[in-house]
Amino acid sequence: MSVAPDKPAPASAPNSVGAHDTQAAPSEEARSSPCVHCGFCLPACPTYDLLGTEMDSPRGRLHLMDALESGRAQPTPTLLGHLDSCLGCRACESACPSGVAYGERLETTRALTVHAPRAEGTTSPWLRRALLFGASAPAWVVHAGVVVTAAAQRWLPGLTRGIAKRMGPGAEAGLELLARRRPRRARLPSHAKPDHTPKRRVALLLGCLHRPLSASLHEATQRLLLRAGCEVIVPPRQGCCGALARHLGELDNARARVAALMDDLAAVGRLDHLVVNAAGCGASLREAAALWPADHPRHAEALSLGERSVDALELLDELGLPPARRAVPRRVALHHACHLVHAQGVRDAPERLLASIPGLQLQALADADRCCGSAGVYNLLQPELATTLREQKVQACRESGAELVAAANPGCQLQIEAGLAAAGLGLGSTHPLELLDEAHRD
Ligand code: SF4
Ligand code: SF4
């Protein structure tokens, strides 16, 4: 991963919505597969299912995005409401026979409209500003924010709840997600080698929000990669992957994050893979090259980063693990994280790996690949819709007969965990990697 200095951004194409982001424009690839209005994506769209209006369907939203781009429509609060209600789950992309790059179109449009006013009573402007700040703050600030918030919630619950209530439903939803977590620093050797010649030399991504919230997941991931024969490096300097900024439409921030990460990774030498255990971060990294035009010096470097970024489950499935050391006699339902199944096209690896665990019983989960409402920061920005989707997921989990729900994205895990607790169900949630680790630990 070589380091190339940034060059000044090229001028953007003229745009009716007043381009905020200097490099945000759909790529040629995205333009070359226009929507043919067939409607095959409609049954796959969770928000169309909930809201029932054409403008809240993938086809309707693409129409709005085209109208904005061509200047036939203005970014009014009503129009932006239809785009903001989109999860970005990309189930429509999986369903689309014409190969419409919906995710890229949405990202570009969000970048162009990120600071346009929204209708009152929808997304909390305060929370939106706080998230935008988080997306541009250094990773240690995000880390500290999570630790302080979780501690305040534990020791001063009344005060914390009161402050969140004044801030609005999104902040209350955020507290609910943190309620069952005890943030801590992961105990990870910075360089671990197997006893034999390593099959691959990999770096493990810790992320920003999930660094303190997913310490045990990171430890499990490193142990499993070692067991699969990888040399595992945990780069001491590594920040956020930029996914949070991309969800919000802050592409300049996302570029700065990815560029810094590429520099940090270059410092650890040759790498076969950057291993990711959060589907949202992995999807964003795989598409890192889309952040820069093809003639930008960072583009080729980002392309290489994208090609080498891999979900831990996909890599373990490819490399194989030795026989498990113990049985894990649990009934488990597997939720397919949207950013793994739809954005990265990884569907079978998690199931295959779980099925390899002795004693583990996989329970069928209805609509397993339907979004749980987490969707990056959607559950904070659109708490009502997110809660409805969460309740649907919880109902499906209840009917599955499982005692544990596994999801390959820490964001989905938090969302489902909060839903299970709110419903008073005795079900737990986990990451498939943690179940695998339980089967393979010394
Ligand atoms: S990304 Fe998800 S919510 Fe948005 S239009 Fe596509 S299917 Fe619907
Ligand atoms: S996005 Fe794809 S599936 Fe949906 S209407 Fe357009 S062409 Fe058809």
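The rules behind each value
- Residues numbered from 1 in each chain as written.
- Chains lettered and ligands numbered in written order.
- Predicted model: local features only at pLDDT ≥ 70, side-chain atom pairs only at ≥ 80, totals over all residues.
- Heavy atoms only, no water.
- Core = buried A, V, L, I, M, F, W, Y, C linked by side-chain atoms within 4.5 Å.
- Buried < 20%, exposed > 50% of the residue type's maximum accessible area, 1.4 Å probe, protein only.
- Helix = DSSP H or I, 4+ residues; strand = E, 2+ residues; numbered from the N terminus.
- Domains from an automatic or database assignment.
- Contact = heavy atoms within 4.5 Å.
- Buried area = accessible area lost by both parts, 1.4 Å probe.
- Pairing = 2+ DSSP bridges.
- Axes fitted to C-alpha atoms, helices over the stretch in contact; angles between N-to-C directions.

Leu225, Leu315, Leu316, Leu354, Ile357, Leu420 and Leu435 are the most contacted members of the largest nonpolar core, which has 52 residues in total. The biggest single contributor to this core is helix α17 (residues 312-319), with five residues. In this structure, this core is formed jointly by two domains, domain 3 (191-317) and domain 4 (323-440), each of which donates at least three residues. The residues contacting Leu354, other than those within four sequence positions of it, are Val332, Leu334, Leu360, Leu362, Ala406, Pro432 and Leu435.

Under the domain assignment used here, the protein contains domain 1 (28-113), domain 2 (125-178), domain 3 (191-317) and domain 4 (323-440). Just the C-alpha atoms count here: the centres of domain 2 and domain 4 sit 25 Å apart. With both chains or domains summed, domain 2 and domain 4 bury close to 780 Å², and 73% of this area falls on carbon and sulfur atoms. Its largest share of buried area at the contact with domain 4, domain 2 owes to Leu131, Glu176 and Leu177, together 63% of the area lost on that side.

Glancing now at the side chain of Gln153. When you line up the elements, Gln153 lands in helix α8 (residues 139-155). With near-sequence residues (within four places) excluded, Gln153 lies in contact with Thr160, Leu175, Glu176, Leu178 and Ala179.

So, on to the sheet that holds strand β9 (residues 428-430). Read from one edge of the open sheet, four strands run β7-β6-β8-β9, paired in parallel fashion. Every interior strand has two partners, whereas the edge strands, β7 (361-363) and β9, have only one. This sheet shows a mean twist of 35 degrees between the axes of neighbouring strands, independent of strand direction. In this sheet, strand β8 (residues 404-407) lies alongside strand β6 (residues 331-335) in parallel orientation, the contact comprising four bridges. Each residue of the ladder has a partner; that of Leu334, found in β8, is Ala406. Contacts between helix α19 (residues 348-355) and the sheet are confined to β6, β7 and β8, with β6 contributing the most and set at about 170 degrees to the helix.

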